[in-house]
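Here is what each chain is made of, one letter per residue.
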Amino acid sequence: MNLPYKYIVIEGNIGAGKTSLAKRIARQFNIKLVEEKFADNPFLSLFYDNPQRYSFSLELFFLAERYQQLKENVASQDMFQQQTVSDYILSKSLIFAKINLNENEFALYHRLFHIIHSHIPKPDLLIYLHKDIPVLLKNINRRGRQYELGIESGYLKKIDEGYWEFFRQQSGYPILVIDTNELDYVDREQDYQKIVSVLSEKVDSGIHRIVF
């Protein structure tokens with residue numbers, strides 16, 4: 001089976017498992033993987049300790065890194081001839097910045113974002129892995145990244161609401177919102193195949209909710 005999309009983005013809240021799914025898809029279909037290097041951000045652990053002081057530095061670094069990575073791996077015409085799956089969309093920068101920055105900082109950030117955003121192609125398909133907040137917290141605790149262990153449910157709820165606000169403003173490509181609360185696509189092959197099955201045929205633009 002071949003995937004009918006050239007550029008697929010896997011998105012989700014913190015702890016949703018987007019990287020795990022992107023890796024499986026890339027490996028099975030032998031397509032290019034673009035994986036966010038979030039651990040390279042020197043402000044990440046500092047932000048969780050002192051959000052007010054480090055939020056702008058954190059978000060600006062993420063924006064620069066994401067833009068550079070996508071420009072090199074997706075925006076190039078030669079590279080874009082390949083099929084590609086990414087575990088993030090550039091617009092997530094705006095979603096998180098709106099939550100983490102104050103009004104003046106966000107106004108500046110918003111201007112910078114729109115200067116560079118037009119240089120990155122839209123995905124042919126965006127998959128959003130929905131998980132309920134208690135499941136996300138369980139996953140976060142299980143993977144044990146020290147700087148994430150203090151994340152609270154209210155912060156995760158704001159992120160989820162930010163994604164939905166973003167989805168409602170989009171057009172031109174399909175968004176599949178897949179309820180993955182009962183799925184384990186890492187260790188249960190049948191669950192992974194359920195997700196792959198929805199990728200086998202193109203769907204129209206708009207938001208499509210999928211519950212297995």
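In this convention, every chain numbers its residues from 1, walking through the sequence in written order. Where local features are concerned, this predicted model is filtered to residues with pLDDT of at least 70; where side-chain atom pairs are given and counted, the filter is 80 or more; whole-chain, interface and lining totals use all residues. Working from all heavy atoms in the structure, the side-chain values ignore hydrogens and water.

A. A look at the confidence of the model for the protein chain. Values of pLDDT, which run from 0 to 100, indicate the predictor's confidence residue by residue. Per-residue confidence for the protein chain averages 93 on the pLDDT scale, and 98% of its residues sit at or above 70. The element-level mean pLDDT for the protein chain is lowest in helix H4 (residues 77-80), coming to 52, with strand E4 (residues 125-130) highest at 98. In this description a helix means any DSSP run of H or I spanning at least four residues, a strand means any run of E spanning at least two, and both kinds are numbered starting from the N terminus.

B. Representation of the pattern of salt bridges in the model. Here, a salt bridge means any side-chain nitrogen of Lys or Arg that lies within 4 Å of a carboxyl oxygen of Asp or Glu. By the definition in use, this model includes nine salt bridges. Among the ionic pairs, Glu35 bridges to Lys23, the shortest N-O distance being 3.6 Å. Placement of Glu35 in the loop between strand E2 (32-34) and helix H2 (44-49) and of Lys23 in helix H1 (residues 18-29) is noted, with a sequence separation of 12 residues between them. Judged by its relative accessible area of 31%, Glu35 falls in the partly exposed class. The structure contains a network of salt bridges with shared partners spanning Glu36, Arg66 and Lys92. Working definition: with a 1.4 Å probe on protein chains only, accessible area under 20% of the residue-type maximum means buried, over 50% means exposed, and in between means partly exposed.

C. Structural view of the nonpolar core. Within the largest apolar cluster, 67 residues are counted, with the highest numbers of intra-cluster contacts made by Ile10, Ile25, Leu126 and Phe167. Residues contacting Leu126, with those up to four places away along its chain left out, are Val9, Glu11, Ile89, Phe166, Phe167, Tyr173, Pro174, Ile175 and Leu176. Buried Ala, Val, Leu, Ile, Met, Phe, Trp, Tyr and Cys residues form a nonpolar core when they are joined through side-chain atoms within 4.5 Å. The contact definition used throughout considers only heavy atoms, calling two residues in contact when any of these lie within 4.5 Å.

D. Just unusual backbone geometry, in detail. Positive phi values are uncommon outside glycine, yet Asn30 reaches one of about 55°. With respect to the helices and strands, the residue Asn30 is situated in the loop between H1 and E2.

E. Summary view of the pairing of strand E5 (residues 174-179). Most of E5 sits out of view: five of its six residues are buried. As judged from the five bridges shared by E4 and E5, these two strands associate in the parallel manner. Note that in E5 the partner of His130 across the bridge is Asp179. Relative to strand E6 (residues 206-211), E5 runs parallel, the two sharing six bridges. Pairing of Pro174 across the sheet is with Gly206, part of E6. Each parallel crossover has a hand, and for E5 linked through helix H9 (residues 189-198) to E6 it is left-handed. Only when DSSP finds a minimum of two bridges between them are two strands counted as paired. The handedness of a crossover follows from its direction of travel: if, with the strands pointing away from the viewer, the path from the first strand over the helix to the second runs clockwise, the crossover is right-handed.

F. Local environment of the sheet that holds E6. Ordered in space as E2-E3-E1-E4-E5-E6, the six strands form an open sheet in which the pairing is parallel. Edge positions in the sheet fall to E2 and E6, since each of these pairs with one other strand and no more. For this sheet, the mean angle separating the axes of adjacent strands, direction not counted, is 20°. Bridge count between strand E1 (residues 7-12) and strand E3 (residues 84-86): three bridges; the pairing is parallel. Among the inter-strand pairings, Val9 is bridged to a residue of E3, identified as Ser86. Between the N-to-C directions of two axes lies an angle of 0 to 180 degrees, each axis being a line fitted to C-alpha atoms and, for a helix, fitted only over the stretch in contact. On top of the sheet, H1 reaches E1, E2, E3 and E4; it is set at about 155° to E1, its chief contact.

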